[in-house]
Amino acid sequence: MYFTRHQSAILINLPRWLISLAALSIAACAPVQEDNHSSDFVTVNESDWYGKYYTAYPFTVSGEISCVIHPEYGPAIYFYPIGFTDESYVGTPLNKAAAEAVKHGGMTPNVPYSVKKGADLSEAREVGLRVCDEQMDKIEGM
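Residues numbered from 1 in each chain as written. Predicted model: local features only at pLDDT ≥ 70, side-chain atom pairs only at ≥ 80, totals over all residues. Heavy atoms only, no water.

A. Quick look at the nonpolar core. Of all hydrophobic cores here, the largest spans 16 residues; its most connected members are Val44, Trp49, Phe59, Ile65, Phe79, Leu94 and Ala124. Where this core is concerned, the elements lending two or more residues are β2 (63-70), β3 (74-81) and α5 (122-140). Among the elements that make up this core, the one with the highest residue count is α5 (4 residues). Core analysis: the second largest hydrophobic core is formed by 10 residues, Tyr78, Val90, Ala101 and Val111 among them. (Core = buried A, V, L, I, M, F, W, Y, C linked by side-chain atoms within 4.5 Å. Buried < 20%, exposed > 50% of the residue type's maximum accessible area, 1.4 Å probe, protein only. Helix = DSSP H or I, 4+ residues; strand = E, 2+ residues; numbered from the N terminus.)

Right under this line is the structure:
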């Protein structure tokens, strides 16, 4: 996040507790559920896909397959096109847990480009589940 000189001067003069409170309130408004345990991603593109997987590349553009471990729904797998990966975007759900989390959160996927019509998402979901497994291993190792 970048600030103008005027904004930086204001931040310097604010008490640290007020800055912390402001940061917490901004984080609480993020579209990711506050009780999610972890999130991570793997970058995918059409040229690399064909050397690693048996199914056709299922997405219309390069992007990221991400995992968010949701305590109620389990591992939620999403696709985000490159350039649409910050917290202001809701990715395309790739599994039932992600669809339920989006629905429960009252959100709608808002990324352009996504899944090719009739695409087989089985390997994309497997990629996302491996990301989830790696994240769970990190959590358990703490």
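B. Representation of the environment of Thr92 within the structure. The topology assignment puts Thr92 in strand β4 (residues 92-93). Separated by 12 residues in the primary sequence, Thr92 and Tyr80 place their C-alpha atoms 6.6 Å from one another. If we skip the residues at most four places from it in the chain, Thr92 touches Ile77, Tyr78, Phe79, Pro109, Val111, Ser114 and Val115. (Contact = heavy atoms within 4.5 Å.)

C. Main features of unusual backbone geometry. Located in the positive-phi region is Tyr113, a residue other than glycine, with phi close to 60°. Tracing the backbone shows Tyr113 in the loop between α4 (96-104) and α5.

D. Inspection of the pattern of salt bridges at higher detail. A complete count under the given rule lists 2 salt bridges for this structure. The partner of Glu46 in a salt bridge is Lys116, with the nearest N and O atoms 3.5 Å apart. With a gap of 70 residues between them, Glu46 in helix α3 (residues 46-52) and Lys116 in the loop between α4 and α5 connect regions that are remote in the sequence. For Glu46, a relative accessible area of 37% gives the class partly exposed. Here Lys116 falls in the partly exposed class, since its relative accessible area comes to 30%. (Salt bridge = Lys/Arg side-chain N within 4 Å of Asp/Glu carboxyl O.)

E. The arrangement of α5 in detail. With 19 residues, α5 should cover 27 Å at 1.5 Å per step; its first-to-last C-alpha distance of 27 Å lies within 8% of that length. By the burial criterion, the buried members of α5 are Glu123, Ala124, Val127, Gly128, Val131, Cys132 and Gln135. (Expected span 1.5 Å × (residues − 1).)

F. View of the pairing of β3. Burial within β3 is extensive, with 7 of its 8 residues counted as buried. In this sheet, β3 lies alongside β2 in antiparallel orientation, the contact comprising 8 bridges. The residue bridging Gly63 from the neighbouring strand is Pro81, located in β3. Joining the antiparallel neighbours β2 and β3 is a turn of 3 residues. The sheet contact formed by β3 and β4 spans 2 bridges and is antiparallel. If you follow Phe79 over to β4, its bridge partner there is Thr92. (Pairing = 2+ DSSP bridges.)

G. Region of the structure containing α4. Among the residues making up α4, those that are buried are Ala97, Ala98, Ala101 and Val102. Within α4, the buried residues cover an arc of 135° as seen down the axis, which keeps them to one side. Facing away from the buried surface of α4 by more than 90 degrees, the exposed residues are Lys96 and Lys103. At the C-terminal side of α4, Gly106 shows a positive phi close to 70°. (Arc of directions from axis to C-beta.)

Honestly, that's just the spatial picture; any functional story needs more than this.
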